[in-house]
Structure formats: C-alpha cells, structure tokens
Amino acid sequence: MTDTSEQSTFDLQPKDFGEDFIWGVSTAAYQIEGAHQKHGKGKSIWDEFVTKKGTIFQDQHGQIACDFYNKYRDDILLMKSMNIDHFRFSLSWSRILPDGTGKVNQNGVAFYNDVINFCLKCGITPWVTLYHWDLPQKLEELGGWTNRQILDWFEDYVKICANNFGDRVKHWMVLNEPMVFTGAGYFLGVHAPGKKGLKNFIPAIHHAVLCQALGGKLLRKMVPDSTIGTTFSCSQITARSGSKKDLKAADKADALLNRLFIEPSLGLGYPDESIPVLRKIKKYERPEDAQNSIFEFDFIGIQNYTREVVRHSYTVPYLRAKIVKAPERNVQTTLMDWEVYPPSIYEMLKKFNGYKGVKKILITENGAAFEDLLEEGKIDDLERTSYLQNYLKQVYKASSEGVKVSGYFVWTFTDNFEWAEGYYPRFGLVHIDFETLKRTIKASGKWYRSFLGKKVSSKNIEAKKTDVPIG
Ligand code: GCO
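Keep in mind that what you see is a predicted model, and the values were worked out from it rather than measured.

Whenever I open this one, the pairing of strand E13 (residues 405-411) confuses me. Can you help?
Side chains on a regular strand alternate between the two faces of the sheet. In terms of burial, E13 is a largely internal element, seven of the seven residues being buried. Relative to E13, strand E1 (residues 22-26) is paired through five bridges, and the arrangement is parallel. Of the residues in E13, the one forming a bridge with Ser26 is Trp411. Across two bridges, strand E10 (residues 361-365) lies against E13 in parallel orientation. Looking at E13, one finds that Ile361 is bridged to Val405.

Printed below as a string of structure tokens:
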C-alpha cells in the first residue's frame, strides 16, 4: 500500500527542533562491516549463527555485508556529502578481543581508530555503541549472557574501549536494545545464539541489566567528559479491544517490550507486578544487585519503528498476550510487516520523558524497509521519505510540547544485513547492490541531504576541538 499523500505538506526545518539538535544515521558492526575473519578478528555469535542452515533468510550471512571494513572512508565521505555530521556505529567485541577476554587484537583497535579519526577529520561526530548483539563466540560457549561471569568479561571489554577510544569518542551507548537480544536470542531462539526458554531468558535479562549499569559507571569514570546513554527498542501498545482481558494483555506486553530494561536502571526494579514470572529473576539476584542496576544515564536512546496491537490469549504461556500482526489488520506496512504508525514515536517520547530519572532522549533509530526499485540508476523510494517525514512531524510535536528530545538518527545509512531477514528488507538511505557493492543515494537520502542542508549553523564542537592529523 503506498501512501505519499502527506509528502508535500512537510515544511519543517532542522532549526525547528532547536539549534543543538543532533541529526545523524545509525549502523551496527555485524550488519555492515564484513571482513569476518580479517586481521585477527575472532568469531562472534552471529558469525556462528549464520552458518546454521535455515536460520537466516536464504541462508545469507554478514561475512562481506557492505564491506564497510574496507570501504569505511568512502562511506564516511558519502555521509559527509549528505550533510550528515553524527554517525552512530557499534564496535565488534570479537574484533577487539577475539576470545572475548584476554589478549587484545591490535588490528581491531587500529581499525576503529581509523574509523573514528576519519570521522573527526571529516567533521563527523562518532557515537559509539559498545554492544550491538555480536557477543564473542568463545564467551557464548561459556554460557554467554546466561553466565554471571559476563559482568567480568564486559568490564574488561568496556575498559579496553574506553582506554583506546575515550580520548576522541565523547558519546557512548552501552547496549543496543537489550530486550531484543535477550528475547530473540535467549528466549525465542530466532537470533544468535539461538537459545530458547525461560531458563536462558531470565538470567540473560538480569545480567544485561547489570552490564548496562556497569558499562555506564565505567565510562563515567574513565571518560568523564563524555555523554553516556543506552538504547531501548519501544513500541506503543494498543489493546485490541476495551475488554478487561485485552487491556491486561496490553499492560503485560508494555511491561515486557517497553519497561523491562529501563525501570531497573532508574531504581524502579523489574515490572513483575505486571509479569509475575519475572520474579524468577530473584534466583539470580545478589543483595547488592538492585543498587548495582542503577545508573544515571545522560541520555536514553529510544528506537521506534511501529506500534503493536495486543490481545489476550490463553495459549501463550506466562504472558497470556499475543500480538495481532499488522498484515491481519489491513493497515499500511513495511517489508518487515510492521505497521506504519507515526504517532507511536510521539507516544514513546512522552512515555520515556515521563520517567523522573530520564534527563534527555535521543531517537537513536527510526526508519523503514520498503521494496526499493533501482530503475535507470535511481531509487524513487517515496514511501521511505514519507515515512521519515511523518515520524519527524511527531517528534516535532513532542518536542514542541516540552519533551526533552535532542536528537534523531535514521536507521540506517546504507542497506545492510537485517539479521534473520538477511538482505531482503532494505532500510538504507543509500542503496547497495550486494553483487558489486555499488552505493547509490536513494531519493530519501537526497531528501535527508537537502533537509540537513538547511541547518543554520553546522556545529561540530568536538570535531573542531580535536586535533586530528590529516592523511
Ligand atoms: C534493531 C537494531 C537494528 C535493526 C533495525 C531494523 O533495532 O533491531 O538496532 O540492528 O536492524 O532495528 O530492524
């Protein structure tokens, strides 16, 4: 279903969001880098997971992906040419520590130094995510996120990153969407490492919560002049009907999808009044854990794509709630079968802004996958442009109502490896031909470029202050 009706009515400009508003693009290491074994990189759980037949669409993998590892200079230059001056990317833990802990791979450190330095040289501010789902496989063999030792492994890793990059990286995110990597990876088994069931999910949740705060504390100590955040997936939850059962189901889904990871970090504990089975976490809790789950983040990154409609269901254990899939509801959807529903981002901004301990919010991901047709060298992805504009209007609405939102990153810069869905759903502002790796700016990318071109002053204080040798 195409909806371009509102396109002509978009008349917002970057300055409407405030002079200091951050505009950028987001990516993740495994989805773009490729070079899966190059220069001493160790195996991650994604390198392993993609080799299992039938787990990924058409058995695709990220071994080459966008070849960002070799093409990062071209990509960063392209970004610059599109007026984008904030770049969110993640570090691959196993590129830096091939076994997850112990010996550092200096080639991996050198690669990220090159990326960071080149960004700064181009006047692009790096925003670094420490963990975007690619746990070193060696650590998974010891239990991964289900093993409490992850706290020690993570501590090592964070210290190495802070030590090596903290002099130039001043914006950090500890985890990317802990709900997704624990839920899809340790409960449903549809993402790496493919583990299933509560016995994996429950300890993984708790250890992720502890690492989230631990990473924040280490960064604050080691890079005191940086801003530190963490990122959460979130979706507005609508009950299918006003019935008591559906409303209860919606409350449970909201606790699971939106509250589970932020609330312990704010000192509010786990939302176990809504989902009693979360009380099983107690088995893994030590007396000091509730306190150690708390960290005062400088900002919260929220990642919103859609909303979910939820109904009661007897057949779903523990939750008794089920998502009514968008294609069954006859609404406009993306290639991920996610409903296009701009008000969701407004509702999520309001919701997260409503927490007393949340100081600042950045939209660290928002975007959409559509059927992009490359015709005569052009991709006229009007649906994506319209999607971005309509979501931005909602961000603006929230901002003008006083919500502390101070940045927006499009997911994503180039088309890339979309996890279990492989290369089929294209989310990029820039098209990639995965045979030739040729990059072509889509119409949405051209729109973003001209939108960002209207910035009054392109401030990039960090970049100007940092003396990076050219060449
Ligand atoms: C996530 C991840 C991204 C995805 C994007 C689209 O939110 O799942 O951060 O890696 O690619 O969200 O699904």
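Explain helix H9 (residues 198-222) to me, please; I cannot follow it from the model alone.
It helps to recall that an α-helix has 3.6 residues per turn; residues three or four apart then point in one direction. Between the first and last C-alpha of H9 there are 35 Å, a value that for 25 residues agrees with the 36 Å anticipated at 1.5 Å per step. Counting buried positions along H9 yields 20 of 25 residues, so the element is predominantly enclosed.

Quick question: what am I supposed to make of the site of the ligand here?
Inspection of the region around the ligand gives 13 residues, with Gln31, Glu177, Glu365, Glu418 and Trp419 positioned closest. Note that an oxygen atom of the ligand is positioned 2.9 Å from one of the side-chain N or O atoms of Tyr305. The contact in question runs from an oxygen atom of the ligand to an N or O atom on the side chain of Trp411, over 3.3 Å. For the ligand, whose free accessible area comes to 310 Å², the fraction covered by protein is 95%. Across the shell around the ligand, the residue classes break down as six nonpolar, four polar and three charged.

What is the right way to look at unusual backbone geometry in this model?
Backbone phi values are negative for most residues with the exception of glycine, while trans is the configuration of most peptide bonds. Residue Pro193 follows Ala192 across a cis peptide bond; omega there is 5°. In this fold, Pro193 is placed in the loop between helix H8 (178-186) and H9. Cis peptide bonds are those with omega within 30 degrees of zero, and the linkage from Trp411 to Thr412 qualifies with 15°. In this fold, Thr412 is placed in the loop between E13 and strand E14 (430-432).

I would appreciate a short explanation of helix H5 (residues 106-121) in the present structure.
For H5, spanning 16 residues, the distance from its first C-alpha to its last is 22 Å, which sits close to the expected 22 Å at 1.5 Å a residue. Those residues of H5 lying buried are Gly108, Val109, Phe111, Tyr112, Asn113, Val115, Ile116, Phe118, Cys119 and Leu120. One or two steps after H5, the chain reaches Gly123, where phi turns positive at roughly 80°.

Honestly, the UniProt feature "binding site: substrate" (unreviewed entry) in the protein chain in this entry has me stumped. Any pointers?
Sites flagged by UniProt as "binding site: substrate" (unreviewed entry) map to Gln31, His132, Asn176, Tyr305, Trp411, Glu418 and Trp419. Classification of Trp411 as buried rests on a relative accessible area of 3%. On the secondary structure map, Glu418 appears in the loop between E13 and E14. Its relative accessible area of 8% is what places Glu418 among the buried residues. Beyond its immediate stretch of four places on either side in the chain, Glu418 contacts Gln31, Met336, Trp411, Pro425 and Phe427.

Explain the side chain of Arg329 to me, please; I cannot follow it from the model alone.
Note that Arg329 resides in the loop between strand E9 (321-324) and helix H13 (343-353). There is a polar contact of 2.7 Å between the side chain of Arg329 and the side chain of Glu339. With residues near it in sequence (within four places) discarded, Arg329 still touches Arg307, Val309, Val324 and Glu339.

Which parts of the structure should I look at to understand the packing of aromatic side chains?
Aromatic ring pairs are defined here through the distance separating the ring centres and the angle between the ring planes. For the coordinates displayed, the defined rule picks out 47 aromatic pairs. An aromatic cluster of three or more residues is present, and its members are Phe10, Phe17, Phe21, Trp23, Tyr396, Tyr408, Trp447, Tyr448 and Phe451. Taking the ring centre of Tyr341 as reference, the NZ or CZ of Arg307 above it sits at 3.9 Å. Here the guanidinium or amino end of Lys397 rests over the ring plane of Tyr346, the centre of that ring lying 4.0 Å away.

Could you clarify how one ought to interpret the environment of Ser81 in this entry?
Mapping Ser81 onto the fold places it in helix H3 (residues 68-81). Among the residues examined, Ser81 registers a relative accessible area of 42% and is labelled partly exposed. Spatially, the C-alpha atoms of Ser81 and Arg449 are 8.0 Å apart, while their sequence positions differ by 368 residues. Side-chain polar atoms of Ser81 contact the backbone oxygen of Leu78, separated by 2.6 Å.

Calculation criteria
Residues numbered from 1 in each chain as written. Predicted model: local features only at pLDDT ≥ 70, side-chain atom pairs only at ≥ 80, totals over all residues. Heavy atoms only, no water. Buried < 20%, exposed > 50% of the residue type's maximum accessible area, 1.4 Å probe, protein only. Helix = DSSP H or I, 4+ residues; strand = E, 2+ residues; numbered from the N terminus. Pairing = 2+ DSSP bridges. Expected span 1.5 Å × (residues − 1). Near = heavy atom within 4 Å. Polar contact = N/O pair within 3.5 Å; in protein donor to acceptor, adjacent residues only side chain to side chain. Areas by Shrake-Rupley, 256 points an atom, 1.4 Å probe, with all protein chains shown as cover. Nonpolar A, V, L, I, M, F, W, Y, C, P; charged D, E, K, R; others polar. UniProt positions renumbered as here; feature names shortened; annotations may be inferred. Contact = heavy atoms within 4.5 Å. Phe/Tyr/Trp six-rings, centres within 6.5 Å; stacked < 30°, edge-to-face > 60°. Lys NZ or Arg CZ within 6 Å of the ring centre and 35° of its normal.

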